[in-house]
Amino acid sequence: MPVIHFTLNGKPVSVDTPLDMPFLWVLREVLSVTGPKYGCGVGVCGACTSHLDGQAFRPCIHPASSVEGHQVTTIEGLGAPGLHPVQQAWIAEDVAQCGFCQPGQIMAAVDLLRRNAHPTDAEIDAAMSDNVCRCGTYVRIRAAIKRAAQALQQANGGG
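Cut-offs applied
All residue numbers refer to position in the chain's written sequence, counted from 1. Totals for whole chains, interfaces and linings use all residues, but because this is a predicted model, local features are given only for residues with pLDDT of at least 70 and pairs of side-chain atoms are given and counted only at 80 or more. For the side-chain quantities, the full set of heavy atoms in the structure was used; hydrogens and water were omitted. Domain boundaries shown here were taken from an automatic or database domain assignment. Two residues form a contact once any of their heavy atoms are found within 4.5 Å. Accessible area that two parts lose when put together, with a 1.4 Å probe and added across both, is what the buried area reports. Just to be clear on terms, a salt bridge is a Lys or Arg side-chain nitrogen sitting within 4 Å of an Asp or Glu carboxyl oxygen. Throughout this description, a polar contact denotes any pair of N or O atoms lying within 3.5 Å of each other; where both atoms belong to protein, one of them has to be capable of donating a hydrogen while the other can accept it, and for residues adjacent in sequence the pair is counted only when both atoms sit in side chains. Only DSSP runs of H or I reaching four residues or more are called helices, and only runs of E reaching two or more are called strands; each is numbered from the N terminus. The nonpolar class holds Ala, Val, Leu, Ile, Met, Phe, Trp, Tyr, Cys and Pro. Asp, Glu, Lys and Arg form the charged class, and all remaining residues, Gly among them, are polar. Any two strands with at least two DSSP bridges between them are considered paired. Angles run from 0 to 180 degrees between N-to-C directions of axes, and those axes are lines fitted to C-alpha atoms, restricted for helices to the stretch in contact. Patches here: salt-bridge-free residues with over 30% relative accessible area, like charges joined within 9 Å, nonpolar side chains (Val, Leu, Ile, Met, Phe, Trp, Tyr) joined within 5 Å. The Shrake-Rupley method, run with a 1.4 Å probe, gives the accessible areas here. Residue values count only the displayed protein chains as cover. Residue exposure (1.4 Å probe, protein chains only): buried if accessible area is under 20% of the type maximum, exposed if over 50%, otherwise partly exposed. Each angle receives one of four descriptions, namely roughly parallel if under 35 degrees, roughly antiparallel if over 145, roughly perpendicular if within 65 to 115, and oblique otherwise. Less than a right angle of anticlockwise turn of the near helix away from the far helix marks a crossing as left-handed, whereas a clockwise turn marks it as right-handed. Each Phe, Tyr or Trp ring, with Trp reduced to its six-membered ring, pairs with another whose centre is within 6.5 Å; inter-plane angles below 30 degrees give stacked pairs, above 60 give edge-to-face pairs, and intermediate values give tilted ones.

**Let's talk about the domain arrangement of the protein**
One widely used convention gives an interface's size as the accessible area the parts lose upon coming together. Parsing the protein into structural domains produces domain 1 (3-73) and domain 2 (85-157). Listed by partner, the interface residues are 16 residues for domain 1 and 11 residues for domain 2. Broken down residue by residue, the surface that domain 1 buries against domain 2 is led by Lys 37, Thr 49 and His 51, which jointly contribute 35%. In this structure, the connection of domain 1 to domain 2 is made through zero salt bridges. The interface formed by domain 1 and domain 2 contains eight residue pairs in polar contact (both at pLDDT 80 or more). Broken down by secondary-structure element, the contributors of at least two residues to the side of domain 1 that touches domain 2 are strand S3 (50-52) and strand S4 (55-57). A class-by-class count of the residues in the side of domain 1 that touches domain 2 yields five nonpolar, nine polar and two charged.

**Structural notes on the sheet that holds S4**
Taken in spatial order, the five strands make up an open sheet running S2-S1-S5-S3-S4, and their pairing is mixed. Strand pairing shows two members of the sheet lacking a second neighbour, strand S2 (11-16) and S4, which therefore form its edges. Within the sheet, the average angular offset between the axes of one strand and its neighbour, ignoring direction, is 40°. Strands S3, S4 and strand S5 (71-73) of the sheet are contacted by helix H4 (residues 102-115), whose axis makes an angle of about 45° with S3.

**Remarks on a nonpolar patch on the surface**
Nonpolar side chains collect at one region of the surface, where Val 42, Val 44 and Ile 61 lie side by side and expose about 280 Å² of accessible area between them. In this structure, Val 42 sits in the loop between helix H1 (23-30) and S3. Overall, Val 42 belongs to the exposed group, its relative accessible area being 55%.

**Topic: the packing of helix H3 (residues 85-92) against H4**
Following both chains from N to C, one finds H3 and H4 inclined at 125°, their axes separated by 9 Å at the closest point. When the axis of H3 is compared with that of H4, the two are oblique. In the packing of H3 onto H4, the handedness of the crossing is right-handed. Residue-level contacts link Val 86, Gln 87 and Trp 90 of H3 to Gln 102, Gln 105, Ile 106, Ala 109, Val 110 and Leu 113 of H4. Partitioning the contact of H3 with H4 into residue classes produces six nonpolar, three polar and no charged.

**Here we look at the packing of aromatic side chains**
Counted according to the given criterion, the structure contains three aromatic pairs. Here the aromatic cluster, defined as three or more aromatic residues joined through ring pairs, consists of Phe 6, Phe 23 and Phe 57.

**Here we look at the environment of Ala 148**
As for its position among the elements, Ala 148 is in helix H6 (residues 138-155). Residue Ala 148 is classed as buried on the basis of its relative accessible area, which comes to 0%. Taking the C-alpha atoms as reference points, Ala 148 and Cys 48, 100 residues apart in sequence, are found 21 Å from one another. For Ala 148, the residues in contact, after removing those within four places along its chain, are Pro 85, Val 86, Ala 89 and Leu 113.

**Notes on unusual backbone geometry**
Residues Ala 80 and Pro 81 are joined by a peptide bond in cis, for which omega reads 10°. Relative to the elements of secondary structure, Pro 81 occurs in the loop between helix H2 (75-78) and H3. Phi at Ser 32 is positive, roughly 60°, even though this residue is not glycine. Mapped onto the elements of the fold, Ser 32 is located in the loop between H1 and S3. Among the residues examined, Ser 32 registers a relative accessible area of 55% and is labelled exposed. Here the phi dihedral of Asp 94 falls at roughly 50°; this positive angle occurs in a residue that is not glycine. With respect to the element layout, Asp 94 can be found in the loop between H3 and H4. A residue is classified by how much of its surface remains accessible, and Asp 94, at 52% relative accessible area, is exposed.

Below you can see the structure in the form of C-alpha cells.
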C-alpha cells in the first residue's frame, strides 16, 4: 500500500493506507483519533468536521490521498496545549447534551470565527446550518459562538 505523509495536530504522520480510503477511517481506525465522529458518511451532518490547512472539511468524503502534504487538525489538536476559546465558550454556555456532534460543531465554529470575527445571529445560523445537532442545542451553540468571538476579540487587544 502507498504511504501518505501529512501533519496531524502539529505532528508529522506517515500512514500506509489505500489512497481511496475515506480519511475519516484513517483518523479513527488507523490512527485512533476518535474526536471526529462518523455520522452520515456523505458529508451532510458535519459530525466529522475537522480542519485541512486551517479550513473546515469533512474527512468522511475526502480520500486519504487528499491530505498528502497538508496539515490536518482535529478537535484533539485544536487548543493544544489548553482549551481553544471556542471550547471554553462551549463549556461556559453548557452547550453539549449528548456530545456526539460537538467536536464537529466546535471545529465549524472555529472556522466561522476565522473567516468572520463578528458574526450576526443570521451569519452564525447560516454557517452552522450544515452541522446537525440531534439534541437541538442551537440556541446555546449560537451563544457560545458569540461568547468566543468576544473572548477572541479581547485576546487580540480589542474591546
